[in-house]
Amino acid sequence: MEIKQLTINDYEEIVKLWSRAGLPFKPKGRDSKEAIQKQMRENPEFFLGVFENGKLVGTVIISSDTRKGWINRLAVDPEYRGRGIAATLIRESEKILRKRGIHIFCVLIEDYNKPSKELFKKCGYTEHTDIIYFSKRDSIDI
Ligand SMILES: CC(C)(COP(=O)(O)OP(=O)(O)OC[C@H]1O[C@@H](n2cnc3c(N)ncnc32)[C@H](O)[C@@H]1OP(=O)(O)O)[C@@H](O)C(=O)NCCC(=O)NCCS
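What comes next concerns the included structure. (Residues numbered from 1 in each chain as written. Predicted model: local features only at pLDDT ≥ 70, side-chain atom pairs only at ≥ 80, totals over all residues. Heavy atoms only, no water.)

## Quick word on the side chain of Lys117
Rule in force here: Put simply, DSSP H or I for four residues or longer makes a helix, DSSP E for two residues or longer makes a strand, and each gets a number counted from the N terminus. When checking whether two residues touch, look at their non-hydrogen atoms; a contact exists if any pair is within 4.5 Å.
Relative to the helices and strands, Lys117 is located in helix H4 (residues 114-122). Look past the residues within four positions of Lys117 in its chain and what remains in contact with it is Ile109, Asp111 and Glu127.

## A closer look at the site of the ligand
Spelled out, the test is: The rule for a residue being near a molecule or strand is that one of its heavy atoms must lie within 4 Å of it. We call two N or O atoms a polar contact when they sit within 3.5 Å, provided that within protein one can donate a hydrogen and the other can accept it, with sequence-adjacent residues counted only if both atoms are side-chain atoms. Surface accessibility in these figures is a Shrake-Rupley result with a 1.4 Å probe; residues are shielded only by whichever protein chains are displayed.
The environment of the ligand is made up of 19 residues, and the closest members are Leu74, Gly82, Gly84, Asn113 and Lys122. A distance of 3.0 Å separates an oxygen atom of the ligand from a polar backbone atom of Ala86. Between the ligand and Ala87, the relevant distance is 2.9 Å, taken from an oxygen atom to a main-chain nitrogen or oxygen of the residue. The protein chains hide 71% of the 930 Å² of surface that the ligand would expose on its own.

## Examining the environment of Ile14
In this structure, Ile14 sits in helix H1 (residues 11-21). With 42 residues separating them in the primary sequence, Ile14 and Leu56 have C-alpha atoms 7.4 Å apart. Aside from chain neighbours lying at most four places away, what touches Ile14 is Leu6, Met40, Leu56 and Thr59.

## Some points on the packing of aromatic side chains
Basically, it comes down to this: Here the aromatic set is Phe, Tyr and Trp, taking the six-membered ring for Trp, and pairing holds for ring centres within 6.5 Å; pairs whose planes are under 30 degrees apart are stacked, those over 60 apart are edge-to-face, and all others are tilted. Per-residue accessibility, obtained with a 1.4 Å probe over protein chains only, is compared with the maximum for each type, and a residue is labelled buried under 20%, exposed over 50%, and partly exposed between these values.
A complete count under the given rule lists two aromatic pairs for this structure. Judged by centre distance (5.3 Å) and plane angle (55 degrees), the rings of Trp18 and Phe25 are tilted. Since its relative accessible area comes to 0%, Trp18 is described here as buried. Owing to a relative accessible area of 21%, Phe25 belongs among the partly exposed residues under this scheme.

## Thoughts on the packing of H1 against helix H2 (residues 33-42)
Packed helix pairs are characterised by how far apart their axes lie and by the angle those axes make with each other. Definition in use: Note on definitions: angles span 0 to 180 degrees between N-to-C directions of axes, and those axes are lines fitted to C-alpha atoms, for helices only across the stretch in contact. Comment on the angle field: the value is read as roughly parallel under 35 degrees, roughly antiparallel over 145, roughly perpendicular from 65 to 115, and oblique elsewhere. Crossings are classed by handedness, with left-handed meaning an anticlockwise turn of the near helix from the far one by less than a right angle and right-handed meaning a clockwise turn. Under the scheme applied, nonpolar residues are Ala, Val, Leu, Ile, Met, Phe, Trp, Tyr, Cys and Pro; charged residues are Asp, Glu, Lys and Arg; polar residues are all the others, including Gly.
Running from N to C, H1 and H2 cross one another at 115 degrees; their axes reach a closest spacing of 11 Å. By the angle class used here, H1 and H2 are roughly perpendicular. Of the two possible hands of crossing, H1 and H2 adopt the one that is right-handed. Residue-level contacts link Tyr11, Glu12, Ile14 and Trp18 of H1 to Lys33, Ile36 and Met40 of H2. The class makeup of the residues in the contact of H1 with H2 is five nonpolar, no polar and two charged.

## A look at the nonpolar core
As a rule of thumb, nonpolar side chains are buried together in soluble globular proteins. Here is the rule: Nonpolar core, defined: a set of buried Ala, Val, Leu, Ile, Met, Phe, Trp, Tyr and Cys residues in which side-chain atoms within 4.5 Å join the residues together.
Ranked by internal contacts, the top residues of the largest apolar core, which has 35 residues, are Ile36 and Leu74. Contributing elements (two or more residues each) for this core: H1, H2, strand S2 (47-52), strand S3 (55-64), strand S4 (69-76) and helix H3 (85-99). Setting aside chain neighbours within four positions, we find Leu74 in contact with Leu23, Thr59, Val60, Ala86, Leu89, Ile90, Leu119 and Phe120.

## Side note on the sheet that holds S2
Sheet strands pair by backbone hydrogen bonding; their relative direction is either parallel or antiparallel. Keep this limit in mind: Two strands make a pair as long as DSSP finds a minimum of two bridges between them.
One open sheet holds the five strands; their spatial order is S1-S2-S3-S4-S5, and the pairing between them is mixed. At either end of the open sheet lies a strand with only one pairing partner, and these are strand S1 (2-5) and strand S5 (105-106).

## Topic: H4
To be explicit about the condition: Taken from the helix axis, the directions to the C-beta atoms give the arc we talk about.
Along H4, the positions that sit buried rather than exposed are Ser116, Lys117 and Phe120. Buried residues of H4, seen end-on, are gathered within an arc of 100 degrees and therefore sit on one face of the element. Seen from the open side of H4, the exposed residues pointing more than 90 degrees away from its buried face are Lys114, Pro115 and Lys122. Looking at the buried residues of H4, the elements they touch are S4 and H3. Just downstream of H4 lies Gly124, where phi reads positive at about 95 degrees.

This is the structure:
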């Protein structure tokens, strides 16, 4: 397993992996090629990929609001699951955020996503069942 910073040249493979992984994403919004390129320019170290023999099999996009760090678009190829790839990506994300002085790590998980909930529990995250996520967005595609 090789962990590398992703670049915009990996974009097509990233999107293919998200599709294979069944991960919902926003191709017309924050996951469009233009949007990802802009995010990569601002924070290149926030985009990590796991490669097996040159094939992209795992991704994570980190973000920071300067108070907390967020784990986004964590996805592992179905054929490569159960080998600790996601747990490794979470640990790497936390390391990158700590270097920026961030010590609270967060993730939003849909209630039905049991594998993901189990994964984050295993990685030491606390589930907050008393918090409801509210958002307001300028368009449904964003
Ligand atoms: C969730 C996902 C990223 C896990 O990837 P993975 O590389 O298989 O996970 P890991 O091998 O690192 O698993 C680490 C731990 O997570 C838990 N876990 C992972 N998959 C699980 C599953 N299907 N059921 C129950 N627990 C699971 C286990 O505790 C596991 O430890 P163990 O192998 O010692 O039992 C992967 O299933 C995936 O890509 N799902 C679709 C996209 C998605 O939902 N992303 C998360 C959005 S928040």
